[in-house]
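# Structural overview for review
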Amino acid sequence: MSVLTTPGIKVPGDYIESVMISVKAKNPAEPEFHQAVAEVLDSLRLVLAKHPEYQSARLLERIVEPERVLMFRVPWFDDQGGIQVNRGFRIEMNSAIGPYKGGLRFHPSVNLGILKFLAFEQVFKNSLTTLPMGGGKGGSDFDPKGKSDNEVMRFCQSFMTELCRHIGPDTDVPAGDIGVGGREIGFLFGQYKRLRNEFTGVLTGKGLGWGGSLIRPEATGYGCVYFANEMLKTRKDKLEGKICLVSGSGNVSQYTIEKLLDFGAKPVTVSDSNGVIYDPDGIDREKLAWVMDLKNVKRGRIRDYADKYKKAIFMPTDIKLDHNPLWNVKADCAFPSATQNEITAKDAANLLKNGIKLVAEGANMPSTLEATKMFLDAKILYGPAKAANAGGVATSGLEMSQNSQRLSWTREEVDNRLHKIMIAIHQTCFETAEKYGTPGNLVNGANIGGFLKVANAMLDQGLV
Ligand code: NDP
């Protein structure tokens, strides 16, 4: 039995266990994929107890199997004229409720298992948004850090030369993720258009002058804070005055901090892979603008923050440490916004020891299964990634709608829609958790809420 088993619930354990055993056997050496599947299957025990039809249709075996996995060579020339070769991927996981939709990640750690976990999570997340989007994910082990703009462009062009034959506005619509921002989306879109001779909404996160949506860059961070606000409301609490920990310093972190400031909260940390900044005075709008310039324009390292703002402390990454010092800063709320498994059991223990009241996940699967269980057992407000960070893909869905209608909505209109979607996602998770007998457990709420719509669509569409 997995660590997240809900006590006291009678479940068809054999079926769930057999699916999990088969996932591990068929997908060896993919621990992140196993982790993501284990968490969802554990919640689905509650559903299968009430709905045997999913078991008869062998829905679980079908939903854990990607519809299609693409893996391809990406050769490109570096600035010295040397030949470089990377590996490209696209996982087309599930198209039961719409075209495949999910980001591209460029990071040296990218491998098949990591992208399968992300694609699997994306299926349930996209379903929760209420928009018609299936789930996918892709990327490459290419590392944009330290590369010139020309190198990034040549890589993106080579990557898209292969990917373009598999995607399209009604088939598969990629977006950004770690290492893929406005610059990369621009290069990818340019190459797609050139090869296909089509100007369509094949990617989201586009520039505003060529089909992008206002608020898309802000959406994941803003959405996560809207979700946190909804969680706090259920305990008659609010963000104003709360000390907040934010990890990472990329897209999600930056706009999480911006929205926290709008709500009157006090963010005190940021980080990157080289270390953590703790600023006891808080990161205000002027400091945030400086971080954005450092990261988005100069493409520098976060340690420079402590040279600029003298009261801030920089703690370099130390692989010998058994915990991340960022999660040991005393605070009310935590917004992990960097990467998967950045909160271990030890980090969760530190957060709880220091009295954390809320964890809202901007990053995908930032908490290990053990950390998740500790948050649930402690009954703090815990917003799992597939619900809390769904604002990004939801706004990508809004970008797709605008592209189809050849219209551009105002900033207020998109932000209002995003806010409403986040309120609705929270409500779905909250009510589903109650309905299935685990009130307050938004992990179950999100997994079950996301699953039902996809599963029913799969049943309706027959054995495909
Ligand atoms: P960015 O590339 O903009 O920023 C990522 C940040 O996380 C950087 O500060 C980076 O530091 C840090 N980071 C990445 N990998 C590691 C690592 N292995 N160890 C320590 N720090 C790391 O990415 P995003 O902000 O877009 O994405 C952050 C998270 O949010 C990811 O989990 C992503 O999947 C998730 N997400 C993003 C969405 C989006 O719309 N962008 C939507 C939903 C989820 P460094 O620069 O040193 O690598």
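Residue positions are given per chain, counting from 1 as you read along its sequence in written order. Residues qualify for local features only when their pLDDT is at least 70, as the model is predicted, and side-chain atom pairs are given and counted only at 80 or more; totals for whole chains, interfaces and linings, by contrast, use all residues. Values shown for side chains rest on all heavy atoms present in the structure; no hydrogens or waters enter the calculation.

In this section: the nonpolar core. Buried Ala, Val, Leu, Ile, Met, Phe, Trp, Tyr and Cys residues that are joined via side-chain atoms within 4.5 Å together make up what is termed a nonpolar core. Accessible area is worked out with a 1.4 Å probe on protein chains only. A residue is then buried under 20% of its type maximum, exposed over 50%, and partly exposed in between. Ranked by internal contacts, the top residues of the largest apolar core, which has 53 residues, are Phe 227, Leu 239, Leu 260, Phe 335, Leu 358 and Ile 425. If you look at the next biggest cluster of nonpolar residues, it comprises 44 residues, including Val 19, Val 23, Phe 124 and Met 365.

Attention now goes to the sheet that holds strand 2 (residues 83-94). Strand pairing is assigned whenever DSSP identifies at least 2 bridges connecting the two strands. A run of DSSP states H or I qualifies as a helix once it reaches four residues; a run of E qualifies as a strand once it reaches two. Both are numbered from the N-terminal end. With mixed pairing, the five strands of this open sheet are ordered in space as 1-2-4-3-5. At either margin of the open sheet sits one strand with a lone partner, and together these are strand 1 (68-77) and strand 5 (172-175). Adjacent strand axes in the sheet meet at a mean angle of 20°, parallel and antiparallel pairs treated alike. One ladder, built from six bridges, connects strand 2 with strand 4 (residues 135-140); its direction is antiparallel. In the sheet register, Glu 92 faces strand 4, and the bridge partner there is Gly 136. The strands that helix 5 (residues 112-128) touches are strand 1, strand 2, strand 3 (100-106) and strand 4; relative to strand 4, the one it contacts most, it runs at about 150°. To get an axis, fit a line to the C-alpha atoms, keeping to the stretch in contact for a helix; angles then go from 0 to 180 degrees between the N-to-C directions. What makes two residues a contact is simply this: any of their non-hydrogen atoms within 4.5 Å.

Turning next to the packing of helix 16 (residues 411-435) against helix 17 (residues 442-460). It is at 7 Å that the axes of helix 16 and helix 17 come closest, and there the two elements cross at 105°. With respect to each other, helix 16 and helix 17 are oriented roughly perpendicular. Contacts from His 426, Thr 428, Cys 429, Phe 430, Thr 432 and Ala 433 of helix 16 reach helix 17 at Leu 442, Gly 445, Ala 446, Ile 448 and Gly 449. Residue composition of the contact of helix 16 with helix 17, grouped by class: six nonpolar, five polar and no charged. Should an angle fall under 35 degrees it is called roughly parallel, over 145 degrees roughly antiparallel, and 65 to 115 degrees roughly perpendicular, with every other angle called oblique. Ten residues, namely Ala, Val, Leu, Ile, Met, Phe, Trp, Tyr, Cys and Pro, are considered nonpolar, four, namely Asp, Glu, Lys and Arg, are considered charged, and the remaining ones, Gly among them, are considered polar.

So, on to the pattern of salt bridges. Salt bridge, as used here, is a side-chain nitrogen of Lys or Arg placed within 4 Å of a carboxyl oxygen of Asp or Glu. Under the counting rule described, the total for this entry stands at 31 salt bridges. Taking the shortest distance from any N to any O, the salt bridge between Glu 230 and Lys 233 comes out at 3.0 Å. A residue pair is termed a helical-turn pair when its members lie 3 or 4 positions apart in one helix, as Glu 230 and Lys 233 do in helix 8 (residues 219-233) at three residues. Here Glu 230 falls in the buried class, since its relative accessible area comes to 9%. According to the relative accessible area criterion, Lys 233 is partly exposed, its value standing at 47%. Each of Glu 17, Asp 42 and Arg 45 takes part in a single network of salt bridges with overlapping partners.

It is worth spelling out the site of the ligand at this point. Here, proximity means that at least one heavy atom of the residue falls within 4 Å of the molecule or strand. Taken together, 24 residues lie around the ligand, and Asp 177, Thr 220, Ser 273, Arg 301 and Asn 364 are the ones closest in. Surface accessibility follows the Shrake-Rupley procedure with a 1.4 Å probe radius. Residue values consider only the protein chains on display as shielding. Across the complex, the protein chains shield 83% of the 880 Å² of accessible surface that the ligand would expose by itself. Sorting the residues of the shell around the ligand by element identifies helix 9 (251-262) and strand 8 (269-272) as the ones contributing at least two each. Counting only domains with at least three residues in the shell around the ligand, you end up with domain 2 (68-202) and domain 3 (219-388). Domain start and end points were adopted from an automatic or database domain assignment.

With that out of the way, let us pick up the domain arrangement of the protein. Partitioning the protein into domains gives domain 1 (12-64), domain 2 (68-202) and domain 3 (219-388). Its C-alpha centre places domain 2 at a distance of 27 Å from the equivalent point of domain 3. Contacts between domain 2 and domain 3 engage 13 residues on the former and 11 residues on the latter. In short, buried area is how much 1.4 Å probe accessible area vanishes from two parts on joining, totalled over both. Of the roughly 1000 Å² buried at the junction of domain 2 and domain 3 (both faces included), carbon and sulfur atoms supply 51%.

Let's shift gears to the pairing of strand 4. Counted residue by residue, strand 4 has six buried out of six residues, so it is predominantly covered. Burial along strand 4 is two-sided: Gly 135, Lys 137 and Gly 139 facing one way and Gly 136, Gly 138 and Ser 140 facing the other are all buried. The sheet contact formed by strand 3 and strand 4 spans three bridges and is parallel. Directly across from Leu 104, in strand 4, lies its bridge partner Gly 138. Read from strand 3 through helix 5 to strand 4, the crossover connection turns out right-handed. Here, the term right-handed applies to a crossover whose path from the first strand over the helix to the second runs clockwise when the strands point away from the viewer.

It is worth spelling out the confidence of the model for the protein at this point. What pLDDT reports is the predictor's confidence in each residue, on a scale of 0 through 100. Of the residues in the protein, 97% have a pLDDT of 70 or more, and the chain-wide mean is 96. Between residues 1-11, whose pLDDT stays under 50, and residues either more than four places distant or in other chains, the model counts 21 contacts.

Okay, the packing of aromatic side chains next. Pairing of aromatic side chains requires ring centres within 6.5 Å, counting the rings of Phe and Tyr and the six-membered ring of Trp. Pairs whose planes differ by under 30 degrees are stacked, by over 60 edge-to-face, and all others tilted. What the rule picks out here adds up to 20 aromatic pairs. Aromatic side chains Phe 106 and Phe 159 sit 5.4 Å apart centroid to centroid with 75° between the ring planes, which places their arrangement in the edge-to-face category. Of the two residues, Phe 106 is situated in strand 3 and Phe 159 in helix 6 (residues 149-163); the sequence distance between them amounts to 53 residues. You can call Phe 159 buried: its relative accessible area is 0%. Measuring from centroid to centroid gives 4.9 Å for Tyr 305 and Tyr 309, while their planes differ by 50°, and the two rings are tilted. You'll find Tyr 305 and Tyr 309 in the same group, each marked buried. Clustering of aromatic rings is evident, with ring pairs tying together Phe 72, Trp 76, Phe 106, Phe 142, Phe 155 and Phe 159. Its guanidinium or amino end placed over the ring of Tyr 436, Lys 50 lies 4.6 Å from that ring's centre, counting from NZ or CZ. Sitting over a ring, as applied to charges here, requires NZ of Lys or CZ of Arg to be within 6 Å of the ring centre and within 35 degrees of the ring normal. Sitting over the face of the ring of Tyr 309, Lys 287 holds its NZ or CZ atom 5.5 Å from the ring centroid.

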